[in-house]
Amino acid sequence: MLRATLKSLLARKVRLLLSGLAVVLGVMFVSGAFVLTDTLGRTFDAIFADAYAGVDVNVAAKPKIAGSEMGGEQTAPFPAATVDKVRAVPGVAEATGVVAVDGAQLIGSNGKAVASVGPPQLGENWTGESDQLQLREGHEPRTDDEIVINQGLATAGRVKLGDRVGVLTPREPKQDFTIVGIAGYSGGRDSIGGSNEIMFTTPMAQRLMLGEPNTFSSVKVNAADGVSDESLRDAVAAALGDGYVVKTGEQLSTDAAQGFKTALSFFNRILLGFAAVALLVGTFLILNTFSIIVAQRTRELALMRAVGASRRQIIGSVAVEAVTVGLIASAFGLAAGVGIGALLAWLFGNLAGGLTLAGIGVPAAAVIGAFSVGLVITLVAALLPALRASRIPPIAAMQDVATPDRPLTRITVAGALVTAVGSALLFLGLSGNAKGNTLATILGGVLFAFIGVALLTPLISRPVVSLLGAIFAWSVPGKLGRLNSGRNPRRTAITAAALMVGIALVTGVTVILDSAKQSVSTLAKDSVKAELVIAGVQSGPRPPSFDPAVLESVAALPGVQLVDGEYGDMAEVNGERTWVAASSNVAALEQIFGAKATAGDISRLGPDQMLFSSDTAKSRGVTVGSTVTVQLSRGESHTYTVSGIYQSSQLTNPVLLPPQAARDFAMPKPVQGFVQLAPGARVADVQPQVERLLADSPEVSVADRDAFIKQQTSSVDGLLRMIQILLALAIVIAVLGIVNTLALSVLERTRELGLLRAIGLRRAQTMRMITVEAVVISVFGALLGVAVGSGLGAAVVHALKDEGINDLVLPWGQMAVMLGLAAIIGVIAAILPAIRAARINVLGAIAHD
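Because the structure is predicted, anything quoted here is derived from the model rather than measured.

## Side note on the overall build of the protein
The number of helices and strands found in the protein is 23 helices and 24 strands. Principal-axis analysis of the C-alpha atoms gives the protein an extent of 100 × 75 × 50 Å. Considering only contacts in the protein between residues 6 or more positions apart, those separated by 24 or more positions represent 81%.

## Concerning the side chain of T578
The residue T578 is located in strand β17 (residues 576-583) in this model. The buried category is assigned to T578, whose relative accessible area is 5%. Of the polar contacts made by the side chain of T578, one reaches the side chain of R620; its length is 2.7 Å. When near neighbours in sequence (up to four residues on either side) are disregarded, T578 contacts D569, M570, A571, V573, R620, P654 and V655.

## Some points on the environment of I47
With respect to the helices, strands and loops of the structure, I47 is situated in helix α2 (residues 13-51). On the basis of relative accessible area, I47 is assigned to the buried category, the value being 11%. Through-space distance from the C-alpha of I47 to that of S633 is 28 Å; in sequence the pair is 586 residues apart.

## A look at the packing of aromatic side chains
Inspection of the entire model under this criterion finds 4 aromatic pairs. With 5.1 Å between their ring centres and 80° between their planes, F593 and F674 make a pair best called edge-to-face. Residue F593 is found in the loop between α16 (588-591) and β18 (597-600), and its partner F674 is found in strand β23 (residues 672-677); the two are separated by 81 residues along the sequence. Summarising the burial analysis for this pair, F593 and F674 share the class buried. Relative to F708, the ring of F674 lies with its centre 6.5 Å away and its plane at 80°, an arrangement referred to as edge-to-face. Residue F674 is found in strand β23, and its partner F708 is found in helix α19 (residues 705-748); the two are separated by 34 residues along the sequence. In terms of burial, F674 and F708 fall into one category: buried. What links up through ring pairs into an aromatic cluster is the set F593, F674 and F708.

## Examining the pattern of salt bridges
Scanning the model with the defined rule gives 16 salt bridges in all. Between D601 and R604 there is a salt bridge; the shortest N-O distance is 2.6 Å. One salt-bridge network, in which partners are shared between bridges, spans K174, D176 and D696.

## Considerations on the nonpolar core
If you look at soluble globular proteins, the nonpolar side chains tend to sit buried side by side. Residues F284, F450 and V501 are the most contacted members of the largest nonpolar core, which totals 93 residues. Tallying contributions element by element places helix α7 (residues 249-296) first for this core, with 15 residues. Ignoring anything within four residues of it in the chain, the contact list for F450 reads L280, M500, V501, A504, L505, V788 and L792. Core analysis: the second largest hydrophobic core is formed by 41 residues, V57, F78, V101 and V221 among them.

## Re helix α18 (residues 683-693)
Those residues of α18 that sit buried are V686, Q687 and V690. One side of α18 carries all its buried residues, which in axial view fall inside an arc of 105°. Facing away from the buried surface of α18 by more than 90 degrees, the exposed residues are A684 and R692. Of the surrounding secondary structure, the elements contacted by the buried residues of α18 are β15 (532-535), α15 (549-555), β16 (560-573), β23 and β24 (701-704).

## Quick word on unusual backbone geometry
Positive phi values are uncommon outside glycine, yet N214 reaches one of about 55°. Tracing the sequence through the fold places N214 in the loop between α5 (202-210) and β12 (215-216). Its relative accessible area of 54% is what places N214 among the exposed residues. Here N574, not a glycine, exhibits a phi torsion of approximately 50°, which is positive. Following the sequence through the fold, N574 ends up in the loop between β16 and β17.

## Topic: the packing of helix α14 (residues 489-527) against helix α22 (residues 812-838)
Relative to each other, α14 and α22 sit at 165°, their axes nearing to 11 Å. By the criterion of interaxial angle, the relationship of α14 to α22 is roughly antiparallel. Relative to α22, the crossing made by α14 is right-handed. In this structure, α14 contributes I503, V506, T507 and T510 to the contact, and α22 contributes Q814, M815 and M818. Of the residues assigned to the contact of α14 with α22, the class counts are 4 nonpolar, 3 polar and no charged.

## Some thoughts on the packing of helix α21 (residues 763-799) against α22
Here α21 crosses α22 at 145°, and the two axes come no closer than 7 Å. Taken as a pair, α21 and α22 cross one another with a handedness that is right-handed. Here the residues of the contact of α21 with α22 sort into 21 nonpolar, 5 polar and 1 charged.

## Side note on the pairing of strand β11 (residues 196-200)
Buried residues dominate β11, accounting for 5 of its 5 residues. Burial along β11 is two-sided: the residues N196, I198 and F200 and E197 and M199 are all buried. With 5 bridges connecting them, strand β6 (residues 121-125) and β11 associate as parallel partners. Across the sheet, the residue bridging to G123 is I198, located in β11.

## Re the sheet that holds strand β14 (residues 244-248)
One open sheet holds the 4 strands; their spatial order is β3-β13-β1-β14, and the pairing between them is antiparallel. Looking along the sheet, the strands with just one partner apiece sit at the ends: β3 (92-98) and β14. Looking at each pair of strands side by side, their axes are set apart by 20° on average, direction ignored. Bridge count between strand β1 (residues 57-61) and strand β13 (residues 218-223): 3 bridges; the pairing is antiparallel. In the strand pairing of β13, N58 is matched with K220. Contacts between helix α6 (residues 229-240) and the sheet are confined to β1, β3, β13 and β14, with β14 contributing the most and set at about 170° to the helix.

## Re the confidence of the model for the protein
Mean pLDDT over the protein: 82, with 91% of residues reaching 70 or higher. Low confidence marks residues 68-72, where pLDDT is under 50. Its contacts with residues over four positions away, or in another chain, come to 4 contacts.

## Notes on helix α11 (residues 409-430)
What sets the pattern is the α-helix's 3.6 residues per turn: residues three or four places apart point alike. Taking 1.5 Å of rise per residue, the 22 residues of α11 would be expected to cover 32 Å, and the 31 Å separating its terminal C-alpha atoms lies within 8% of that figure. For α11, every residue scored as buried is listed here: I411, T412, G415, V418, T419, G422, L426 and G429. Buried residues along α11 cover an arc of 130° about the axis, so they all sit on one side. Among the exposed residues of α11, those pointing more than 90 degrees away from its buried face are T409, R410, L417 and F427.

## Examining a nonpolar patch on the surface
On the surface, a nonpolar cluster with roughly 580 Å² of combined accessible area is contributed by V817, L821, I824, I828, I831 and L832. A relative accessible area of 52% means that I828 is categorised as exposed.

## Looking at the environment of I360
Within the element layout of this structure, I360 appears in the loop between α9 (311-351) and α10 (364-390). Here I360 falls in the partly exposed class, since its relative accessible area comes to 41%. For the pair I360 and L40, spaced 320 residues apart in the sequence, the C-alpha separation amounts to 9.2 Å. Excluding its chain neighbours within four sequence positions, the residues that come into contact with I360 are V35, T39, R42, V338 and A342.

## Quick look at the environment of L693
Among the structural elements, L693 can be located in helix α18. Residue classification places L693 among the partly exposed positions, given a relative accessible area of 32%. Excluding residues within four positions of it along the chain, L693 makes contact with V550, S553, V554 and L557.

Rules used throughout
Residues numbered from 1 in each chain as written. Predicted model: local features only at pLDDT ≥ 70, side-chain atom pairs only at ≥ 80, totals over all residues. Heavy atoms only, no water. Helix = DSSP H or I, 4+ residues; strand = E, 2+ residues; numbered from the N terminus. Contact = heavy atoms within 4.5 Å. Buried < 20%, exposed > 50% of the residue type's maximum accessible area, 1.4 Å probe, protein only. Polar contact = N/O pair within 3.5 Å; in protein donor to acceptor, adjacent residues only side chain to side chain. Phe/Tyr/Trp six-rings, centres within 6.5 Å; stacked < 30°, edge-to-face > 60°. Salt bridge = Lys/Arg side-chain N within 4 Å of Asp/Glu carboxyl O. Core = buried A, V, L, I, M, F, W, Y, C linked by side-chain atoms within 4.5 Å. Arc of directions from axis to C-beta. Axes fitted to C-alpha atoms, helices over the stretch in contact; angles between N-to-C directions. Parallel < 35°, antiparallel > 145°, perpendicular 65-115°, else oblique. Left-handed = near helix turned anticlockwise from the far one by under 90°. Nonpolar A, V, L, I, M, F, W, Y, C, P; charged D, E, K, R; others polar. Pairing = 2+ DSSP bridges. pLDDT = per-residue confidence, 0-100. Expected span 1.5 Å × (residues − 1). Patch = residues over 30% accessible without salt bridge, like charges linked within 9 Å, V, L, I, M, F, W, Y side chains within 5 Å. Areas by Shrake-Rupley, 256 points an atom, 1.4 Å probe, with all protein chains shown as cover.

Next up, the structure:
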């Protein structure tokens, strides 16, 4: 039986190859995700081990605010006397005060700030050369207007030794410096992990990066001979007390690398999610392929039953074919995944400023995941065809090979039940009643909805396909193609369902994101009464900012009625982590953002007063007159009195502090500015003047309100394009499904095609017939996808009304494009099967059994 199975498998190797290709593509994503995260994880391990190689023990002050959702903690400066205290601890050979804070940006030769997508942009004090850091050109900074930069930054900014350059820092406006040295690192590296480093004199680093003289952000400690890092860490911690965090260099390396690995795990889950979509589509393809093959082998399988094969052996025969396809496809998918993982790691390294990647490895998770997924998918997809094959009676060996299509009652009932389950899960997830499992509930609902619709598709396939085929029924090939596409509803439905999944997801995501964009745009246009906005596009962990002195200068311009600068930071409000804001002009709350007071006075704010939004006030139990303790990123905690409460909206912050509080924000500069013009003033007259005032703030620009909205929502367009590209893989697999179905169908109808050719159907007409069949199936799948995707997207938008997404936008233009592309996909998918059909030998086909 095994020998017969393998011979049968080899006889259909091309057909099974197309099925296996779907598994290859899905497995490629799975293994590629694990290879990528493993490579980058080992890369960051090496980077941080290298960065802290010269540190035995490190001392830093405890942050005032715990790490944010992005994983970072704000640097808390401590007095220089702490360095002397550490130096006096027995076992310390050397203690060096260090300033190293993210947020120093060099203005390159093109006048723009050198950006960084991920690695930090460190402003540091020069502490001398070491085994790791050496000057390649020039000398150390000797005066406060001199800096040393690393070679990576010099290359990115296209600057050289002796150039006079501007530098942006978190706590002061742009200042100009002379590059007196360019440094490199051991091993010929231009940077460590792609980071950009600007090294000042110690007083200047303290002033620009910490905002306080005679302070440091950390102490680098080297142990004396014979003293272990752990014992020295404990001694230093005991000497300094609870206000400091003391770690060994190894601990620092491990903790820093773990933070990046946590972010990578999120990216890994995204890739695995797209792999799941690809594998779901591939399941439809494999199910269809094995179903058709079993139908075509009815006589062969019946003969096996007649000569003594048991039902278990028949099931085993189909299972062996599935396992063989799964194993081969998994092996190729794993190999392709290693290549894709290496390519993505290389792209990530280049985008991150030229990371030196660790060697590409194949972790056990990639191998186990590849073969587990590949085998499970093929076996699950082949299960129903295998059971169907085992039920073929021996008497079928004496009957015609063709098998009649079965009634649709059972599959329709099953589809209705599965769709109902999916709808219920979606309702629970989107209504917020999933009790902590919202995402899993929604994803489960989407999965059940797709399966349910696929099971219901045969019920509607014949009438819909007949209607679509009527477009081509003006010719004989068109009529034949129309009839062929509707002759087997189950086969047509499964083929169309594979295409439906990809197009439904693209359509649904587009509906959600376009609706969110439109809602934000409508809200901003209706609520923001500012003709000009000062802002930038955030590309790293810190938002673009500008000199607060610009606000006063803009307010003095003719034609300007009101100017507001917005600051923001994470704080602890009565011990709870809360996003807080500060406004340079509290009057803007009413006059620009249209906020309404629900209690107290919101038109003014004293230095010891604060405002709450109504929702936040209700959830925190505060009223006008309540006293609230606020701990910001810097400084000591401060007690404020609630002087007013304003109506919550999508544009207002939960808590508003007086402008004086911004000094203790992690970013003490405004990140946005709003300019309201006086009646009669023209944007075209005022905007150029504001642009000139922003000459020293190249991170930001001034735009009118419509351009600002477009600028802020541009990231949504980028996200949508990325999702569409990744989901295109599912559509590619669906195209393979159409090719496979048509190829098998041509083989199945060999005698029929021979007879048609014999009675006068020309080769060109035969090709047109197959093409019409493919186009009808493709457009049918696209119609299903557009309908299901629009429905899912609309349901999500409705559920997000409380989050401010109030406008439902259906992308009619994109839907039309998808239907047009589906027709083109059908034509492409039909090329090979149509050529094969046209080349059939007429006499041989008529004699075909």
